[in-house]
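# Analysis of the macromolecular model
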Amino acid sequence: MKISNWCRNVAATLLVAGIWIPSVSYAVSIPLGDPSFEDFVVPAVGYAYSNEYRPTSAWVDDLDSPPGYTQDDGNSAWLYNSAYAEDASNSRRGAPRTGNQAMHGLANYSAQETTAVFEANRTYTFSLWAQNDELLDQSNGLFMYIFDATVPFSDGNSLANLGGAFTAINARQAGMTAAQSQANWTQVSVSHTVAPGAPEIGHPIGVGFFARRDTSVDDATLTAIPEPASAILVGIGGLALLARRQRE
């Protein structure tokens, strides 16, 4: 009986201490607009440029920055569907990983401002699934960004970026079926940890990417998880509280 009561006391103390709070151990998903690039249904031709699919899709170009780019013009990536992906005359693209559509690079920015805001002691991770074309006849690669949406967007102003050609992205191979291509995507991520007192705290979270012409993307996600040092401190504090309570 005493053991049973002790176990209940331990559980209650751990809960009060915060050790069993799920957010300590698990990432929380933050909603993105049009995460799988399905909100706008492309016409029969099989693809649509950004001046057609916006504002139905949340992905815009570079949010009016840097100079020379204008939000909601044609300077962004383009959407395509499953049928277009299988068109060998157009260099087969990655078969959409989920749904019926994906986005193909056009050597321009695609970005969005989310409804969530940055919080201190959180690590934010923006992820995309990417696949290169079957025929690499142009440049390929993927750049990714997390940025403060109150600050004019640019590579230099981003809070975190993943740059370079990124050769680790799988390419669709000759002879691959649509099902094989669906299993051939590579997940790519970039992360940013918000320090206490950071200027972005309370500001909207922005995410974006720059896909080159032989690279496609699908299934974007944004997650937040408590910064590891904070979780450790919560655990230490909880254990100290538990020890003190047991002495009382």
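We now turn to the structure provided with this report. As the structure is a prediction and not an experimental result, all values here were calculated from the model.

We now examine the pattern of salt bridges. Inspection of the entire model under this criterion finds four salt bridges. In this structure, R92 engages E86 in a salt bridge whose closest nitrogen and oxygen atoms are separated by 3.5 Å. Residue R92 is classed as buried on the basis of its relative accessible area of 12%. The salt bridge involving E134 is made with R92; its shortest N-O contact spans 2.8 Å. Highlighted residues: E134 in the loop between strand 6 (122-132) and strand 7 (142-148) and R92 in the loop between helix 3 (82-85) and strand 4 (101-104), separated in sequence by 42 residues. Three or more residues joined by partner-sharing salt bridges are found here, namely E86, R92, E134 and R172.

Our next topic: the pairing of strand 4. Neither face of strand 4 is exposed, since Q101 and M103 on one face and A102 and H104 on the opposite face are all buried. Where strand 3 (residues 78-81) meets strand 4, four bridges bridge the pair, whose relative direction is antiparallel. If you follow W78 over to strand 4, its bridge partner there is H104. Relative to strand 11 (residues 215-226), strand 4 runs antiparallel, the two being bridged by two bridges. Counterpart to M103 in the pairing with strand 11 is V217.

For the rest of this paragraph, the subject is unusual backbone geometry. Cis geometry is adopted by the peptide bond preceding P55, which originates at R54 and carries an omega value of 10°. On the secondary structure map, P55 appears in the loop between helix 2 (50-53) and strand 3. A positive phi angle is found at A107, which is not glycine, with a value near 55°. By secondary structure assignment, the location of A107 is in the loop between strand 4 and strand 5 (108-117). The exposure class assigned to A107 is partly exposed, which follows from its relative accessible area of 25%.

Mapping S82 onto the fold places it in helix 3. For S82 and A102, which are 20 residues apart along the polypeptide, the C-alpha to C-alpha distance reads 8.2 Å. Dropping the residues within four chain positions of it, S82 is found in contact with P96, G99 and N100.

One pass over the structure, following the stated rule, counts 15 aromatic pairs. Both rings, one in F143 and one in F210, keep their centres 5.7 Å apart while their planes meet at 85°; by these two values the pair is edge-to-face. Placement of F143 in strand 7 and of F210 in strand 10 (residues 204-211) is noted, with a sequence separation of 67 residues between them. Here R97 stacks its cationic end above the ring of W129, 3.9 Å away from the centre of that ring.

Turning our eyes to something else, we now look at the sheet that holds strand 5. Across the sheet, four strands lie side by side as 5-10-7-8; this open sheet has antiparallel pairing. A strand with exactly one partner marks an edge of an open sheet, and here the two such strands are strand 5 and strand 8 (160-162). For this sheet the average axis-to-axis angle between neighbouring strands, irrespective of direction, equals 15°.

The next subject is the nonpolar core. One recurring pattern in soluble globular proteins is that nonpolar side chains are buried together. Among the nonpolar cores identified, the biggest contains 35 residues, and M103, Y124, F126, L128, L142, M144 and F209 are the most heavily contacted of them. Of all the secondary structure elements, the ones that give two or more residues to this core are strand 6, strand 7, strand 8, strand 9 (186-194), strand 10 and strand 11.

Conventions adopted
Residues numbered from 1 in each chain as written. Predicted model: local features only at pLDDT ≥ 70, side-chain atom pairs only at ≥ 80, totals over all residues. Heavy atoms only, no water. Salt bridge = Lys/Arg side-chain N within 4 Å of Asp/Glu carboxyl O. Buried < 20%, exposed > 50% of the residue type's maximum accessible area, 1.4 Å probe, protein only. Helix = DSSP H or I, 4+ residues; strand = E, 2+ residues; numbered from the N terminus. Pairing = 2+ DSSP bridges. Contact = heavy atoms within 4.5 Å. Phe/Tyr/Trp six-rings, centres within 6.5 Å; stacked < 30°, edge-to-face > 60°. Lys NZ or Arg CZ within 6 Å of the ring centre and 35° of its normal. Axes fitted to C-alpha atoms, helices over the stretch in contact; angles between N-to-C directions. Core = buried A, V, L, I, M, F, W, Y, C linked by side-chain atoms within 4.5 Å.

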